[in-house]
Structure formats: structure tokens, C-alpha cells
Amino acid sequence: MAGNDWVNSYLEAILDVGPGLDDAKSSLLLRERGRFSPTRYFVEEVITGYDETDLHRSWVRAAATRSPQERNTRLENMCWRIWNLARKKKQLEGEEAQRVAKRRLERERGRKEATADMSEDLSEGEKGDVLGDISAHGDIPKGRMKRINSVDVMENWAKQQKEKKFYIVLISLHGLIRGENMELGRDSDTGGQVKYVVELARALGTMPGVYRVDLLTRQVSAPDVDWTYGEPTEMLNPHMSDTSGLGESSGAYIIRIPFGPKDKYIQKEHLWPHIPEFVDGALNHITQMSRVLGEQIGGGQPVWPVAIHGHYADAGDSAALLSGALNVPMVFTGHSLGRDKLEQILKQGRQSKEEINVTYKIMRRIEAEELSLDVSEIVITSTRQEIEEQWRLYDGFDPILERKLRARIKRGVSCHGRFMPRMVVIPPGMEFHHIVPHDGDIDGEVERNEDGPAPPIWAEIMRFFSNPRKPMILALARPDPKKNITTLVKAFGECRPLRELANLTLIMGNRDNIDEMSGTNASVLLAILKMIDKYDLYGQVAYPKHHRQADVPSIYRLAAKTKGVFINPAFIEPFGLTLIEAAAYGLPMVATKNGGPVDIHRVLDNGLLVDPHDQQSIADALLKLVSDKHLWARCRLNGLKNIHLFSWPEHCKTYLSRVASCKPRQPQWQSSDSQADNSGSDSPSDSLRDIQDLSLNLKLSLDGDKNEGSATVDNALDTEDALDEKNRVEKAALTLSKGVLGGTQKAGSSEKEDRSSSTNKFPSFKKRKNIFVIAVDSDATSNYIEIIEKIAEAVKKERDSGSIGFILSTALSISEIYPLLTKGGFSPSDFDGFICSSGSELYYPSSNSEDSPSGLPFVVDLDYRSHTEYRWGGEGLRKTLVRWASSVNDKKGEQGKIVSEDESGSTAHCFAFKVKDLALVSLICGQP
């Protein structure tokens, strides 16, 4: 048995420190391992089930045994080993726990960063900041805006922005737009958007850091509209009288640009064919104004817009084109989205998709909105609902993917070329400086106001009522089906207690004759009149035919004096500016629960939300507010207390902080002051005239088609590049003036080039009247020279006069073009520019080969390279093309590898592939 002493010693150590075998654990081990191992079980039991001090005690007792006969070395070693193993296991478990905790912290930090990043585009009212002393109910609703109860914050912000000189361009094409006496409700195009853009332009023009704001719209000189809409320029006078420190061209202006029928006012659905005409006029205005502002505040350099902001789909389409032409960031506000309107009309089942498109040109509108999504850097919305329920219907936006992309961008992770605009929630603002809420009631004061005689509009409304002292339920909206006024009238007519307690006032725009109204508006108004007759509401409902925009505040005051209620029962309300206006005059609200009123109610807490489809819910809410005077007073107080959160200064502060975050992309041509002084022919007036007259026409392509196009010469080179790049750019700008095609007359043209280089500080094509873009690609390179020679010979007379320039466009790289030109007897200076690598690179000729890293007499257009780098997802594209080539080769397996990547012919932005047999090209491309 001596050979088995170590077993007995091991068992002694186990038995000495604790209990024996446990049946439950034994069965567990049997299930897990299939058989029971006593040794393994004992070791695991010691390691996992016992405190290390117990095992250490057994080891000490074994080691302290004095008698050699009693002392068992194996028992001592076994105890020490098991004890050491247990300590090692605990150490490993601790390290693993630390790694798990670290990973958990990293994930939590990432989630917090993503959440914070995603919440940056929320308005202050959606961040959940606690508002003290804001609710008369004693509780604080979640997601309330943080209240700014001091002007110090705004003053500090104003000081920080004072040195900036922003130029902002707003665009709103449809409707009748003017600064004063707006004809809101005149038609469906002249509504809340018109008031919003005018007030936004006016408010921005008074903000610190903003030098000039231009609101571009359509010039209308029609006999059926006021003459003021035909004035080219109108200055928007600020509400505040302090205009100190303003410059010569500073402030806010309405700029009316003529496009479309000159003597006819047309609806927005018919403006689409005329948008290119507007873009041309807007481009001309912005270019000239940028140069004028450059003379005033830019030190002679043009001051380009910090952003171009399009309002509604038609303006978004225009802003996208202008943004691309001027290389200026774009901002977009949809106001009312096409896809959402399409779904709403389809749900009603009254029209097919084709009929809707004929009436509203809805597909063209959706196309413009998709384009605006692709181009915009920022999309401004009024509510979170607009993002989550309306913008998500578009191909160019996905809320979940947008959040992921934003988180990846913040962490510096590649987005593989995917881009989505930043959605920013900024509620519209309102001017409150002229509003003074009154606490009096109407008893005995129908004929007069606190400040004097009652406004005429009061009498116009009161004449409808048999008892004008009852509280007034006020609705202010066009007679449009989506405004849901018919349901309101029905709810009022069928609720007897409500009729006994209140009157109903419907302000439905202006009209002279119902027969002269549009079909939908006329049908809604007729339906309302029929319901008034059906429920015998005469003496209880007012529906005046006319009111001025200046009368609206008086109407709000009248409703507040009668302790009335303002209601917006629209099926869906994008924002609800009238709710804010009513709250500013002390009117509680009843509003639809669909859209912007939800956000307004969360901030103001001044009324009730209802289901616009539930007639009974509307009646109950109105009755509750009218009958419960304590609730009415509480809602009124809450609205007045929190209304400042919707002021224009707060709106503009958030707006400017977002717009200023857009990276300026407008480049600038660089030239020395001495060169500018020596160039007498390039005065500011000459530059403007040249811009107006310039037309870069694509006269001739390889197939002989003639196309007209336009471009500006204000291509820019970034001043923030390194100094050596700046010097090369200056040299390149001078050498560009040498490009006159010489052919066999190189000697004479050389002398002309030398003369022009000393006077011209702009590229040579600045003086061109026409540009020929020679798009030449063929199987045999020998054909290149022949084609170029034929084109040059065809315009020999105009070429010699210098009015025509040439640009060579080809799929070849610049290193492949140069030997071909040399072989054919041409010089790089014979061309004004070179479009290479299938349009991915743009070069200009240079007299010094040292300007180019490749040693060739060309200089690269750094601005065009920056343009192609912007949002470039080339690696993902290359992988897709490689997979495509592999799939083609797999399908044509019997013919070998017929498509392969041409790495030598590829560049960073142009991926080339070789085809083994040109006869298979049509089959590869899927053509018969």
C-alpha cells in the first residue's frame, strides 16, 4: 500500500478541509462530462467551493508536523498546489471581470456619445431639461425646454458673434411675398410659409454676425395682384428701431427675380418648367452681390453666402442647383412634404395616383425633395414628428441609418461614402415685443378697447352673434379639406351644452364671391354654410368675408377678452404657428394630436390635444376649457409664462449655430496685389460684365451634337492649403491665360502669350466667348490627333481671334495624354484645360514642369480634386466593380478571364478594367 500513500494523503487533505461528495454536483458533473472523475471533482470542489484560508491552514498543519514518520510531503505539496491553483483561478477571474467591465464601460460610453450626438439636433424643448416653476399643475412634464430667464445669455452670445459678417440667401418661390400687409389666405400658396420666410429673413437681418440676408422669390407684375409684387427689391425694416452699425448693403431684403410668364400669377404646380430660368437669374444676383459685399467687407475678395436655404420643394430644387454651381452649403426646409401629402390623399380614396399627379405635380415635387436631401447638409424641421413620420418615407433618408452614420462620423469611422443630411429641429419663432396681453373681460366693452376705440374687425365679427358676451371659440385657417373645419362645425352643432356656453368664429381667409374661389376651397366653404343652416347656428357662428393681416392680433385679443379658446383641428399640422400666436395673447388651445402641436403643448402646457377624426373628443375638450374657469386661467398663465421660448432671437441663435457649423466650400482665386494693380482692364465693373456675358457653350462633341451650357469663372483655390501649394496655384492661374490654340502658328502665339501673362490675373477662359469641349475617345490612339486637327481647322478664324478656347476630355490619364499631344505636334498650352481619367481629374497647362509632381507641364485643379473627394466612397465602389468582373468571368468560364482590373490605368477616382475581347463588350454590358 506504500505506493498509494499519495492517494491517501490527497484524500486526507480534501477530507480535512470540508464536506465530502455532494450527490447533486456529482450528477451535474456526470451530465456534463458523461462520467464521474473523483480526482477532478475534488480539485474543482476545492478550487471553487472553499475559502483559500481553509486550504492554507491544512498546508500549514502538514508542514508543521515534527515527526518524519507522521509528516507526509505529498500531502503538503498537494495542499500547496491546490491552494496556488485556487489563487491563480481567482486572479484570472478578476482579470476577466475587469475586461468585461471595461468593455461594458466602452459600450456604455459609445451609447452615451451616440445618444448625445443624436440629441444634438433636438430643440431645447426635447432634451428633457428640468424647468423650474413652469407648470401650474405642480408637476413638470418630461422633455420640457430649458427656460432662459435672463438676457445675459443672449448678450454674451451676441458679443461672440459680433465680428462675423455672414451673407445668407433664403429662397421661397411660390405665393405672394412682401414685407408688410401680407395677403395671407389669399390662395393656397400664400399662407404660413410666406409669413415664416419673411419673418425669418427679417429676424436674421438683425442678428449679430449677420451682415446681409437676401430672400429670393418670383417677381410678379400681373394686373390681378398688387404692384408691390413687381418691385425688384424691397428692404425688410426691422421691428426694432436700432439700426446703428449697419453697413451700406446690410440688412434683410426681398429680391424678386423675373421668371415664368411675365404678366401672370401662377400656382406653384405650374412653376416647375421655369425653375432653370430662376436659377440663372439667382446665380447672376448672388455673384454680383458677393462681389459688392467683397468691396465693402471682404477686402476686395467676394463674400459668398455662408448657406443657401431653400423653402419647399421648388425652392429646394433651385437651391440644390445653386449650391452645386457656387459650391456653397445648402440648407433645406420642406414645410409640407410630397410623399406625406400623396399618402394622405390616397387614404381618402377620392383620386388615383395618376390623377393626384396631374393636379399637384406630386412626382416632380417628390423628385425635388429627394434631390434636396442628397445635396443638403442640414434639413431644418419644426417637429420631431416630421422626421420620424414624414422624412422617413424618402429614399434619401432613414432615421436609424442616419443615427448610425452620425455616430460613425463622430468616432472617426469610415461611412463608405454613405451620407445623409443632419436633421435639426428648430421651432419657428415669433415677435412678441408688440404683444400686451389684457386681463379684462368683455362685459360692457364691446364697443371699445382698453387703449381706445375697438378695432373695426371686432364689430365685423360681433355682428354675427346674438349674444356676443359668450366665450369665443376661434379657428383661423383656410377653407382647405386638410384643415378639418367641417368636423369642428359639426362637433359644435351637435353639442348643445357647447352651443349654449360659447360662440364659434371662423376666420377662413378673404373672399369676394364663392364662385370665384378655387374648387376645393369653395366646396369646403359651401359645406360649412350648409351645416350652419342644418344645425340652425345663426347668431352663434361668425364667418367674416375679409380681414387684413394687421387685424389678426385684434382677433386674438377679442377671443382672449371673452375668455375663449383657440382651436386647430387639422388632420395633421406640420407645426402650428397660429397656436403660438394665440398663446402669446393669452388664449388656451385645443389642437390636433398629429404633428407639431404635440411639441408645442409639451413646451407651453396651455391646453388639450384631441384626435381630429373624433368629433366627440373635439366637443368635449372645448366644453371642458370653456366651462372650467380655473383650468382656463391655468392654461392661459402657462402659455404666457413659456411663450418666450418660441421667440425669433432664440430661433435665429440656434439657426446660426447650425449654419455656421457647415464647412465653407467656396474657393478663391489667389493673385498678388501688384498684379491686381497692374491690371487696368480687370476693374470690378469689367469683372461683373464678364460674368454676365460669359457662356461656356459645349459646342461640339465627338458625335457632332451641339449643346449649350453655362458656367461661372469663379472657380476657387482653397487659401488654407500649404504655402507651396498656394504659390503653385498662383503660377497656374497666370499660366492659364496662355491657352490659345496655335497649331502651325506657335511662334506668333508665343509672343501673344508673353504679353497676356503680364496683365491677366484670371484664367484665359475668363475672356473666352465660347469653349469647345473635345470629347475624344476611340480604339486607336492615332485617331485622337486627327479628330483634334479637324475641329481646330473648322473654327480657325474664331480661334485666331482668341474668342474660342479648347478643353480636351478623355478617359486617358494625363500621363497618357502628354505623349500623344507631343507626337501630334501639339503643345499643352494649345488647350485651356484637360479633363482626364473619365472626368475624375482636371488639369491646366503650365509653362513650368516643376509645378507638377509628375514633372509634366500641367498643374492639377486642387478645388476639383477637393470636390471629388467630398463624400467619396471609392473603395466600396471598387469592390463592387471587382465583384461584378468576377461574376462576368464566372458566367463566361469557358472563355477564360475576359474582364480584369487594370491597376496601371486606374487612379484614386477612376477605376479601369481591361476586356480581353472587344467583341464581348455588348454581352458584358447586358445588351443584345
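Looking up the chain in an unreviewed UniProt entry gives the name Sucrose-phosphate synthase, with the organism given as Ziziphus jujuba. Listed under Pathway (unreviewed entry) in UniProt, the entry text for the chain is "Glycan biosynthesis; sucrose biosynthesis; sucrose from D-fructose 6-phosphate and UDP-alpha-D-glucose: step 1/2."

Enquirer: Explain the overall build of the chain here, please?
Expert: From N to C terminus, the chain includes 34 helices and 23 strands. A burial count over the chain gives 48% of its 928 residues as buried. In the structure as shown, the chain presents an accessible area of about 45,000 Å², 51% of it carried by carbon and sulfur atoms.

Enquirer: Just checking my understanding: could you explain unusual backbone geometry for this structure?
Expert: With glycine set apart, most residues show a phi of negative sign, and most peptide bonds adopt trans. Here the phi dihedral of Asn 327 falls at roughly 60 degrees; this positive angle occurs in a residue that is not glycine. Residue Asn 327 is classed as partly exposed on the basis of its relative accessible area, which comes to 21%. Not every positive phi belongs to a glycine, and Ser 837 is a case in point at roughly 50 degrees. Tracing the backbone through its elements, the reader meets Ser 837 in the loop between β19 (833-836) and β20 (841-845).

Enquirer: Would you take a moment to explain the nonpolar core for this structure?
Expert: As a rule of thumb, soluble globular proteins bury nonpolar side chains together. Counting 74 residues, the largest nonpolar core has Ile 461, Val 489, Leu 506, Ile 580 and Leu 622 as the members making the most contacts within it. Core analysis: the second largest hydrophobic core is formed by 53 residues, Tyr 253, Ala 313, Ile 362 and Phe 397 among them.

Enquirer: Is there a simple way to explain the environment of Gln 344 in this structure?
Expert: With respect to the secondary-structure elements, Gln 344 resides in helix α10 (residues 338-348). For Gln 344, a relative accessible area of 28% puts it in the partly exposed group. For Gln 344 and Ile 572, which are 228 residues apart along the polypeptide, the C-alpha to C-alpha distance reads 9.5 Å.

Enquirer: Explanation requested: the pattern of salt bridges in the structure shown.
Expert: Any two side chains of opposite charge can pair if their charged atoms end up close together. Enumeration over the complete set of coordinates arrives at 25 salt bridges. A salt bridge links Asp 226 to Arg 178; the shortest N-O distance between them is 3.3 Å. With Asp 226 in the loop between β2 (210-218) and β3 (233-236) and Arg 178 in the loop between β1 (166-171) and α7 (192-205), this residue pair connects regions lying 48 residues apart in the sequence. Residue classification places Asp 226 among the partly exposed positions, given a relative accessible area of 30%. Ionic pairing is found between Arg 602 and Asp 599, a salt bridge with its closest N-O pair at 3.1 Å. Here Arg 602 pairs with Asp 599, and both are found in helix α21 (residues 597-604), just 3 residues apart, close to one helical turn.

Enquirer: Can you help me understand the packing of α10 against helix α11 (residues 353-360) in this one?
Expert: The axes of two packed helices give the description: the angle between them and the distance between them. Following both chains from N to C, one finds α10 and α11 inclined at 130 degrees, their axes separated by 10 Å at the closest point. The orientation of α10 with respect to α11, classified from their angle, is oblique. By crossing handedness, the relation of α10 to α11 is classed as right-handed. The segment α10 lies against α11, with Lys 341, Leu 342, Ile 345 and Leu 346 engaging Lys 353, Ile 356 and Tyr 360. A per-class count over the contact of α10 with α11 returns 5 nonpolar, no polar and 2 charged.

Enquirer: Please clarify how the packing of aromatic side chains should be interpreted in this entry.
Expert: Between two aromatic rings, the relevant description is the distance of the centres plus the angle of the planes. On inspection of all chains with the given rule, the structure shows 13 aromatic pairs. Considering the side-chain rings of Phe 834 and Phe 858, the 5.1 Å spacing of their centres and the 85 degrees angle between planes classify their relative orientation as edge-to-face. Remark: Phe 858 occurs in strand β21 (residues 858-860) and Phe 834 occurs in strand β19; sequence separation between them is 24 residues. Ring pairs connect the aromatic residues Tyr 818, Phe 826, Phe 831, Phe 834 and Phe 858, which therefore count as one cluster. Of note, Arg 212 hangs over the ring of Tyr 253, and the distance from its end group to the ring centre comes to 4.1 Å. Residue placement shows Arg 218 over the ring face of Phe 259; its charged tip is 5.8 Å from the ring centre.

Enquirer: So what exactly am I meant to see when it comes to the sheet that holds β1 here?
Expert: The strands making up a sheet are joined through hydrogen bonds of the backbone, oriented either antiparallel or parallel. Taken in spatial order, the 8 strands make up an open sheet running β3-β4-β2-β1-β5-β6-β7-β8, and their pairing is mixed. Strands at the two margins of the open sheet, each flanked by one partner only, are β3 and β8 (422-425). The mean inter-strand angle of the sheet, taken between neighbouring strand axes irrespective of direction, is 25 degrees. Where β3 meets strand β4 (residues 251-257), 4 bridges bridge the pair, whose relative direction is antiparallel.

Enquirer: Teacher, can you tell me more about the sheet that holds strand β15 (residues 589-592) here?
Expert: Here 6 strands make up an open sheet; going across it, the order is β13-β12-β11-β14-β15-β16 and the pairing parallel. Of all strands in the sheet, those bounded by a partner on one side alone are β13 (541-542) and β16 (607-610). Summarising the sheet, strand β12 (residues 503-507) and β13 pair through 2 bridges and their orientation is parallel. When the sheet's bridge partners are listed, Thr 505 is paired in β13 with Ala 542. Contacting β11 (472-476), β14 (565-568) and β15, helix α20 (residues 577-584) runs over the sheet at an angle of about 175 degrees to β14.

Enquirer: Honestly, helix α23 (residues 629-642) in this entry has me stumped. Any pointers?
Expert: Side chains that are three or four residues apart share a direction in an α-helix, a result of its 3.6 residues per turn. Look at α23: 20 Å from first C-alpha to last across 14 residues, which is about the 20 Å you get at 1.5 Å a residue. Listed as buried for α23 are Leu 631, Trp 632, Cys 635, Arg 636, Asn 638, Gly 639 and Asn 642. The arc that holds every buried residue of α23, seen down its axis, measures 165 degrees, which confines them to one face. The secondary structure elements touched by the buried residues of α23 are α19 (552-561), β14, α20, α21, β16 and α22 (615-627). Between a side-chain oxygen at the N-terminus of α23 and the backbone nitrogen of His 630 the separation is 3.2 Å; the capping residue is Asp 628.

Enquirer: What am I meant to see in the confidence of the model for the chain here?
Expert: Atomic detail in the predicted coordinates should be set aside for any region of low pLDDT. Confidence in the prediction of the chain, expressed as mean pLDDT, is 75, and 68% of residues score 70 or more. This model gives residues 17-34 a pLDDT under 50, and the stretch forms 23 contacts once residues within four places in sequence are excluded. Contacts for the low-pLDDT stretch residues 668-762, under 50 throughout, to residues beyond four places or in other chains number 165 contacts.

Enquirer: Hey, could you run me through the side chain of Thr 592 in this one?
Expert: Along the chain, Thr 592 falls in strand β15. A residue is classified by how much of its surface remains accessible, and Thr 592, at 0% relative accessible area, is buried. Ignoring sequence-local partners within four residues, the contact set of Thr 592 consists of Asn 568, Pro 569, Ala 570, Phe 571, Glu 573, Pro 597, Leu 609, Val 610 and Pro 612.

What counts, and where the lines are drawn
- Residues numbered from 1 in each chain as written.
- Predicted model: local features only at pLDDT ≥ 70, side-chain atom pairs only at ≥ 80, totals over all residues.
- Heavy atoms only, no water.
- UniProt positions renumbered as here; feature names shortened; annotations may be inferred.
- Helix = DSSP H or I, 4+ residues; strand = E, 2+ residues; numbered from the N terminus.
- Buried < 20%, exposed > 50% of the residue type's maximum accessible area, 1.4 Å probe, protein only.
- Areas by Shrake-Rupley, 256 points an atom, 1.4 Å probe, with all protein chains shown as cover.
- Core = buried A, V, L, I, M, F, W, Y, C linked by side-chain atoms within 4.5 Å.
- Salt bridge = Lys/Arg side-chain N within 4 Å of Asp/Glu carboxyl O.
- Axes fitted to C-alpha atoms, helices over the stretch in contact; angles between N-to-C directions.
- Parallel < 35°, antiparallel > 145°, perpendicular 65-115°, else oblique.
- Left-handed = near helix turned anticlockwise from the far one by under 90°.
- Contact = heavy atoms within 4.5 Å.
- Nonpolar A, V, L, I, M, F, W, Y, C, P; charged D, E, K, R; others polar.
- Phe/Tyr/Trp six-rings, centres within 6.5 Å; stacked < 30°, edge-to-face > 60°.
- Lys NZ or Arg CZ within 6 Å of the ring centre and 35° of its normal.
- Pairing = 2+ DSSP bridges.
- Expected span 1.5 Å × (residues − 1).
- Arc of directions from axis to C-beta.
- Polar contact = N/O pair within 3.5 Å; in protein donor to acceptor, adjacent residues only side chain to side chain.
- pLDDT = per-residue confidence, 0-100.

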